[in-house]
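This is what each chain is made of:
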Amino acid sequence: MDDELFELQKQFEFAQQAKSSVRLSERNVVELVHKLQQLQIIDFELLHTISGKEYITPNQLRLEIETEVKKLGRVALIDLADIIGVDLYHVENQSQQIVADDPGLMLIQGEIISQSYWDAISEEINERLQECSQISLPELAVQLHVSSELVASVLEPRLGTLVKGRLEGGQLYTPAYITRISGMVRGATRGITVPTNLSTIWSSLQQLLVEMNGGGSLSVEGALFQSLFSGLLKEGEILGSLRAGIHWTPAVFAHAQRESVDSFFSQNSFINYDALYKLAISQPRQYLQSRYPEGIPLETVFAHPSVVEMLDSAVEDVIQQGSWIDCLSVLPTVYGSEDASKLLSLCPSIQKATKSLKATVMAESCVLSNNFIKDVFDQLDKEMKAFIHTSHAFDSSHSVNEAKVGADHVQLSTITETTDSKNGDKVPLEKGSKRKKGKSGGSYKAAPTEDSSVIQENLSTKSKKNLKKQKEASSLQVSDARSAGKKETDKVKDEGTSLITEDWIIQKMLALFPDFEGLGGEEGTNSLVRALTTHLRPMLLNSWKERRAALFMEHVERRRHLLDNLQKKLDERFLDMQLYEKALDLFEDDPPISVILHKHLLRATASSMLDMLLLNLDIDNKLKNGIQVEESETAETSSLTSAERISLAKSLPGSLSLKSISAVEALDGKRVDTFMTALRAIAEESGLMLKKLDKKLERPLLHSYRKDLTSKVSSETDPVALLPKVVSLLYVQLYGKALQAPGRAISVAVSKLKDKLEVGAHKVLVDYHTATVSLLALQSAATEDEEDCTSDRKLSKREYLETRMSELKGLVLNSNQS
């Protein structure tokens, strides 16, 4: 058998070495192969090589790829294409099939790698690991030209077998090194007694390892520390609690923490949240609620129920005594207003008292019995009554009083002198107080004689229509006052609001109860004073409103009576003023004297009439505004100064004030008609009526005035005071005018009588006037050196005048009778 095989081998070798007599070209071979494929004689796939001179079957390609992988363990597809001489496309297809059929191979990033290759690599890594104690996976990945994830996936199943180490956080460590690091973690965490962030500990350990290795590149990732720490904590080798994975609280600290909280809470029945923050308890409220379910969580503290019992006892005593208490005064200083408010809401006595309206909680922490609040209200109500009364009195009369106090002295009447335009002699005619001058030249009151009765009857008859209108106007005023009651009542609130402000109430309350200062909230709207003010102010305003409404109704009748009296007085004085005004027409041709007479009439008569009107209107305004006016208060006072009149005018309301100021200014002017116009405006604004002097009224008034002057001349004993009365009576007799002339105008008045009197009578009047002027001049110009001489001359002049008095009286009295 062996011989036959040997023979066949020789024949085959001979056949191979024999040269063919017929040769085929490459093109013929290609065509022949193509023909055989068409005839399906060759029924398998043939692949061209890169050179194009050879064919290779897929099975042969796969066989050659497998041979290369087994030989190298790791080969790139590009290298296989070069080695085998086949296009890369066919190599990739066969490689995918080979990897899919053989689980021991993997195709990664264009390379076929076998498990034997990874085993060899793992052994090399293990040898290196034992030498270095630590190897970084990224470093291995760079060396092997693969990704770190691939290296990790390959090494994980081989750890503990081919690789004696531990993979943590992208690092390979030897067991001995892991044991060493574990010991460091155990020691560091056991040595900590306060809550600490683990990342801080790991940073310290890493720094320590660097120093121990002499600053080498050996390092440990924090993940390894964290992993070893978790294992130690699970095994119970370290005690404590871990929060959020990084906040470590040692068991010794937690124990001390609990003991501290328990000790403080048991001793004080409360604990402040800030104290727990200092003990590193980040959520103190939840911590205390879980530890003491029966406790009361407040805003700033956690309280024991016994605190409510203590506070309830104190509040109950206060309510029974009708007093007040600030709960913060009986609680420790750590309690805030909100804490006290919540504790009060839990007190049974407060719940019962608020339902029965026996107490009120204010400013969060203050408890006030309603009896005490009533006492506070009563005292403030008294203060308010006095304050508003003073305010109104001040508003109405402050300027008047100020002007009176500020005056240097009361202006007394002085001797008025005038210089005759012809001879230049000084002619002092009148003396006495300014008030006296006003009365002597102003309104008069006739004696109740038969003539007076006739005059009054005539006045009543002639002015019946006017008086009827006046009565209707007066009634209308009262009716308007009553109908305006609602409007006045509505105005009370606004007026009271402007006077009784919160600041005023706070000021008075602190004056009455100094202990209130600083109680309740720290400041602002939370304070006790502010809260009590807010509570009491509406009550005070309502009280003032009721009082004002009652006073207003009481004052209606007084106002009616006051206005009726004012109307009567105004009628009388205004008629007199019109009567005196007509005499001024006699001197219109002499402007200087006309100005003097106008000013004198304004000062002597108009001023007293305006003073009476302003004072009565001021009293009426007070009564209208609900201000109490004493019964003794009267408008019949002495003459007012210009400043006092302005002050009264300004105290009047609205347009009446403006018109009153205009009248005061007109009073200081030079024309009576301007004043009369302003006076009529005041009367119209205030609802008063002014009678117009007609012929029917003028005749009885002039007759009464003449009769009164005659009586005064007959009874006059002073030779100096006699002259102006005689001149005034002569003007009534001769001109039918009621002249009011000051001393400076007597000379001109006497001169104007020259054409009306006989020559002898006029000479008597002129001589008497000259002697009077001389006497007054001696009285005013005397000096100490000439005292004796002057006294004799004055005595002589007075004796002369006394001797001529009867002659002068006879001059007018005889004329009057005739």
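Look up a bit, the structure's there.
Throughout this document, residue positions are counted from 1 along each chain, in the order its sequence is written. pLDDT decides what is reported in this predicted model: residues at 70 or higher carry local features, side-chain atom pairs at 80 or more are listed and counted, and totals for whole chains, interfaces and linings draw on all residues regardless. Side-chain measures here rest on the full set of heavy atoms in the structure, leaving out hydrogens and waters.

Peer 1: How would you explain the overall build of the chain if you had to name every residue and give the values?
Peer 2: Looking only at helices and strands, the chain features 33 helices and 17 strands. Relative accessibility under 20% of the residue-type maximum defines a buried residue, over 50% an exposed one, and the middle range a partly exposed one, all with a 1.4 Å probe and only protein chains included. Split into buried and exposed, the 818 residues of the chain put 42% on the buried side. Surface exposure of the chain reaches about 44600 Å², of which carbon and sulfur atoms provide 51%. Secondary structure elements follow DSSP: runs of H or I no shorter than four residues count as helices, runs of E no shorter than two count as strands, and numbering proceeds from the N terminus. Areas reported here follow the Shrake-Rupley algorithm with a probe of radius 1.4 Å; residue values treat only the protein chains shown as occluding.

Peer 1: How would you sum up the pattern of salt bridges? Please name residues and give values.
Peer 2: The salt bridge definition used is simple: a Lys or Arg side-chain nitrogen within 4 Å of an Asp or Glu carboxyl oxygen. Under the definition given, this model contains 22 salt bridges. With a closest N to O distance of 3.1 Å, glutamate 685 and lysine 659 form a salt bridge. Note that glutamate 685 is positioned in helix α28 (residues 672–686) and lysine 659 in helix α27 (residues 654–667), a separation of 26 residues in sequence. We classify glutamate 685 as partly exposed; its relative accessible area is 35%. For the salt bridge of lysine 712 with aspartate 708, the shortest nitrogen-to-oxygen distance reads 3.3 Å. Of the two residues, lysine 712 and aspartate 708 are both situated in helix α29 (residues 695–715); the distance of four residues between them amounts to about one turn of the helix. On the accessibility criterion, aspartate 708 (17% relative accessible area) is buried. One salt-bridge network, in which partners are shared between bridges, spans Arg62, Glu66 and Asp101.

Peer 1: If you had to explain the sheet that holds strand β14 (residues 301–303) to someone new, which residues and values would you point to?
Peer 2: Two orientations exist for strands paired in a sheet by backbone hydrogen bonds: parallel and antiparallel. Note on pairing: DSSP must find at least two bridges between two strands before they are called paired. Read from one edge of the open sheet, three strands run β12-β14-β13, paired in antiparallel fashion. Of all strands in the sheet, those bounded by a partner on one side alone are β12 (270–272) and β13 (296–297). Taken together, the two bridges between β13 and β14 define a ladder with antiparallel strand orientation. Bridging across to β14, isoleucine 296 finds its partner in alanine 303. In this description, contact between two residues means that some pair of their heavy atoms is separated by no more than 4.5 Å. Axis geometry follows a simple rule: fit a line to the C-alpha atoms, using only the stretch in contact for helices, then measure angles between N-to-C directions, giving values from 0 to 180 degrees. Set on the sheet, helix α12 (residues 251–268) makes contact with β12 and β14; between it and β12 the angle comes to about 125°.

Peer 1: Lay out the sheet that holds strand β7 (residues 166–168) with the relevant residues and their values.
Peer 2: Strand order in the open sheet made by the three strands is β6-β8-β7, with antiparallel pairing throughout. A single partner strand is all that each edge strand has here, and the edge strands are β6 (134–136) and β7. Averaged over all adjacent pairs, the angle separating strand axes in this sheet is 25°, with direction ignored. Judged from the three bridges that link them, β6 and strand β8 (residues 171–173) form a sheet pairing that is antiparallel. By the bridge assignment for β8, isoleucine 135 is matched with leucine 172.

Peer 1: How would you summarise unusual backbone geometry if you had to cite specific residues and measurements?
Peer 2: Residues other than glycine predominantly adopt negative phi, and peptide bonds predominantly adopt the trans conformation. Residues other than glycine seldom take positive phi values, yet glutamine 109 does so here, at roughly 50°. Here glutamine 109 is to be found in the loop between β4 (105–108) and β5 (111–114). Judged by its relative accessible area of 62%, glutamine 109 is exposed. A positive phi is found at serine 269, a non-glycine position, where the angle reads about 65°.

Peer 1: Provide a residue-level description of the nonpolar core, including the pertinent values.
Peer 2: What makes a nonpolar core is a set of buried Ala, Val, Leu, Ile, Met, Phe, Trp, Tyr and Cys residues whose side-chain atoms join them at distances within 4.5 Å. Leu610, Phe675 and Leu765 are the most contacted members of the largest nonpolar core, which has 74 residues in total. Element by element, the count of residues in this core is highest for helix α25 (residues 591–624), at 13 residues. Those residues in contact with leucine 610 that lie beyond four places of it in its chain are Arg645, Ala663, Val664, Leu667, Phe675, Leu679 and Ile682. Counting 26 residues, the second largest nonpolar core, distinct from the first, contains Phe372, Ile506, Phe513 and Phe516.

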